[in-house]
Amino acid sequence: MKLICIGRNYAAHIDELKNERPEEPVVFIKPDSAILPKEQDFYIPEFSDDVHYEVEVLVKIKKVGKHISKQFAHKYYDEIGLGIDFTARDLQSKLKAKGLPWEKAKGFDGAAVIGTWVSKDKFKNIDEINFSLHKNGEKVQEGNTALMLWKIDELIAHVSTYFMLKKGDILFTGTPAGVGKVSPNDYLSGVLEGEQLFEINVR
Ligand code: ZN
């Protein structure tokens, strides 16, 4: 399986990193080895001094599809989740400056946190889901899927033009503003519509 990730999908986050607004979604892939095993602590890798959390709404793909139209995209998922796209920002900045791929900064072991899944039937409207990330008990990121530049079904249509989606693939839909550095002994927890879906200890 693969993790398909979207960058720059919230205007306020684009501004905080001083990035340009893209004309179409920014897409990258993390390998399945990036998934942090359940109940395991996150270890800051030795090659970075500036690993950032990025909380993101996740969508689990339930069947194979390609060239999926926006109108039928909702048939390809039943579960919504919450996770973290950990990013070695110092390494990513260096690679970006040279025009090189980001994979080492985004796809390293443990760089993808995947929380508990929630049935999409629980939500009145998936384009209006509140979520937040808390660090040591303090809210550091807050978002709502209504603020996405490209909504979930539009993202599925876009990415399936390039990559065949397979059962079990996971879409990371981009992070809202408020990203920041993690330090050893930080405790992170992610909340979606009032329900805590993951907690992580940083080492
Ligand atoms: Zn991200």
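Residues numbered from 1 in each chain as written. Predicted model: local features only at pLDDT ≥ 70, side-chain atom pairs only at ≥ 80, totals over all residues. Heavy atoms only, no water.

1. What about the side chain of Glu-56?
Relative to the elements of secondary structure, Glu-56 occurs in strand S4 (residues 55–61). One buried charged residue, Glu-56, remains without a salt bridge, the closest side chain of opposite sign being Lys-106 at 5.4 Å. Among the polar contacts listed, one links the side chain of Glu-56 to the backbone nitrogen of Gly-174, at a separation of 2.9 Å. Aside from chain neighbours lying at most four places away, what touches Glu-56 is Ile-6, Gly-81, Leu-82, Gly-83, Asp-85, Phe-172, Thr-173, Gly-174 and Thr-175. (Helix = DSSP H or I, 4+ residues; strand = E, 2+ residues; numbered from the N terminus. Buried < 20%, exposed > 50% of the residue type's maximum accessible area, 1.4 Å probe, protein only. Lys, Arg positive; Asp, Glu negative; His and termini not counted. Salt bridge = Lys/Arg side-chain N within 4 Å of Asp/Glu carboxyl O. Polar contact = N/O pair within 3.5 Å; in protein donor to acceptor, adjacent residues only side chain to side chain. Contact = heavy atoms within 4.5 Å.)

2. Describing the pairing of S4
Buried residues dominate S4, accounting for 6 of its 7 residues. As judged from the 7 bridges shared by S4 and strand S5 (residues 77–85), these two strands associate in the antiparallel manner. Each residue of the ladder has a partner; that of Lys-60, found in S5, is Glu-79. Across 3 bridges, S4 lies against strand S11 (residues 170–172) in antiparallel orientation. Paired with Leu-58 across the strands is Phe-172, a residue of S11. (Pairing = 2+ DSSP bridges.)

3. Details of the nonpolar core
Membership of the largest hydrophobic core comes to 47 residues, with the highest contact counts inside it found for Phe-42, Ile-80, Phe-86, Ile-156, Leu-188 and Leu-192. Ignoring anything within four residues of it in the chain, the contact list for Ile-156 reads Val-59, Ile-61, Ile-68, Ala-73, Tyr-77, Leu-165 and Leu-171. (Core = buried A, V, L, I, M, F, W, Y, C linked by side-chain atoms within 4.5 Å.)

4. Re the sheet that holds strand S3 (residues 51–53)
Taken in spatial order, the 3 strands make up an open sheet running S6-S3-S12, and their pairing is antiparallel. Of all strands in the sheet, those bounded by a partner on one side alone are strand S6 (87–88) and strand S12 (180–181). When S3 meets S6, the two strands line up antiparallel, connected through 2 bridges. Counterpart to Val-51 in the pairing with S6 is Ala-88.

5. Overview of the coordination of the zinc ion
The zinc ion binds to the protein through Glu-54 (OE), Glu-56 (OE) and Asp-85 (OD), with metal-donor distances spanning 1.9 to 2.1 Å. Spacing between the donor residues of the zinc ion along their common chain follows E-x1-E-x28-D. Taken together, the positions of Glu-54 in the loop between S3 and S4 and Asp-85 in strand S5 put the pair 31 residues apart, joining distant regions of the chain. The same class applies to Glu-54 and to Asp-85, which are both buried. (Donors = N, O, S within 2.8 Å, 3.2 Å for Na, K, Ca; no water.)

6. Here we look at helix H4 (residues 152–162)
Summarising burial for H4: 8 of the 11 residues are buried, a large majority. Listing the buried residues of H4 in full gives Ile-152, Asp-153, Leu-155, Ile-156, Ala-157, His-158, Val-159 and Ser-160. At its buried positions, H4 is contacted by strand S1 (3–7), strand S2 (26–30), S4, S5 and S11.

7. Details of the sheet that holds strand S13 (residues 187–192)
Pairing is antiparallel in the open sheet, where 4 strands are placed in the order S10-S9-S13-S14. Of all strands in the sheet, those with a lone pairing partner are strand S10 (138–144) and strand S14 (195–201), marking the two edges. Direction aside, neighbouring strands of the sheet carry axes that sit 15° apart on average. Pairing of strand S9 (residues 130–135) with S10 involves 6 bridges; the strand directions are antiparallel. Residue pairing for S10: Leu-133 is matched across the bridge by Gln-141. (Axes fitted to C-alpha atoms, helices over the stretch in contact; angles between N-to-C directions.)

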